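One-letter residues, chain by chain:
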Amino acid sequence: MSDQMIPEMEQILRVDLQVDTTRITRNSHLVNEVGLDSVAFAVGMVAIEDTFGVALSEEEMMSCETVADLEDAVLAKRA
């Protein structure tokens, strides 16, 4: 798979979480490189549900280490 994020995830990071996505790839670590904290994870859960129509549990969300992990978790729920 490409290093490019799916457009919807990029939009969530850029718009909802106010992350500078020009420096982020699918391999970026959510906490260390993207800079997400517990509040951002909560906001992200809501944005994911609104955008993708799937709900990730707090456990599922917190088990994601990279943007790719998060995208994969969302896409698996969507399938």
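*Asks:* What's the story with the nonpolar core in this structure? I'm lost.
*Replies:* The tendency in soluble globular proteins is for nonpolar side chains to be buried side by side. Among the nonpolar cores identified, the biggest contains 22 residues, and Leu13, Leu30, Val34, Leu36, Ile48, Val67 and Leu70 are the most heavily contacted of them. Going through the elements one at a time, α1 (7–16), α2 (38–52) and α4 (67–78) are the ones with two or more residues in this core. Per-element accounting of this core gives the leading share, five residues, to α2. Beyond its immediate chain neighbours, meaning those up to four positions away, Leu30 contacts Gly35, Leu36, Phe41, Cys64, Glu65, Thr66, Val67 and Leu70.

*Asks:* What should I look at first to understand the pattern of salt bridges in this one?
*Replies:* Where charged atoms of side chains with opposite charge meet at close range, the side chains can pair. Per the stated rule, a full pass over the model turns up four salt bridges. Notably, a salt bridge pairs Asp72 with Arg26, separated by 3.2 Å at the nearest N-O pair. With Asp72 in helix α4 and Arg26 in the loop between α1 and α2, this residue pair connects regions lying 46 residues apart in the sequence. Owing to a relative accessible area of 40%, Asp72 belongs among the partly exposed residues under this scheme. For Glu60, the salt bridge identified is with Lys77, shortest N-O distance 3.3 Å. Of this pair, Glu60 sits in helix α3 (residues 58–62) while Lys77 sits in helix α4, placing them 17 residues apart in sequence. Its relative accessible area of 28% is what places Glu60 among the partly exposed residues.

*Asks:* So what exactly am I meant to see when it comes to α1 here?
*Replies:* Note: α-helices contain 3.6 residues per turn, so residues at a spacing of three or four share the same orientation. For α1, the set of buried residues is Met9, Glu10, Ile12 and Leu13. The arc enclosing the buried residues of α1, seen along the axis, measures out at 160°, which places them on a common side. Elements in contact with the buried residues of α1: α2 and α4. Positive phi appears at Gln18, one or two residues downstream of α1, with a value of about 55°.

Calculation rules
Residues numbered from 1 in each chain as written. Predicted model: local features only at pLDDT ≥ 70, side-chain atom pairs only at ≥ 80, totals over all residues. Heavy atoms only, no water. Core = buried A, V, L, I, M, F, W, Y, C linked by side-chain atoms within 4.5 Å. Buried < 20%, exposed > 50% of the residue type's maximum accessible area, 1.4 Å probe, protein only. Helix = DSSP H or I, 4+ residues; strand = E, 2+ residues; numbered from the N terminus. Contact = heavy atoms within 4.5 Å. Salt bridge = Lys/Arg side-chain N within 4 Å of Asp/Glu carboxyl O. Arc of directions from axis to C-beta.

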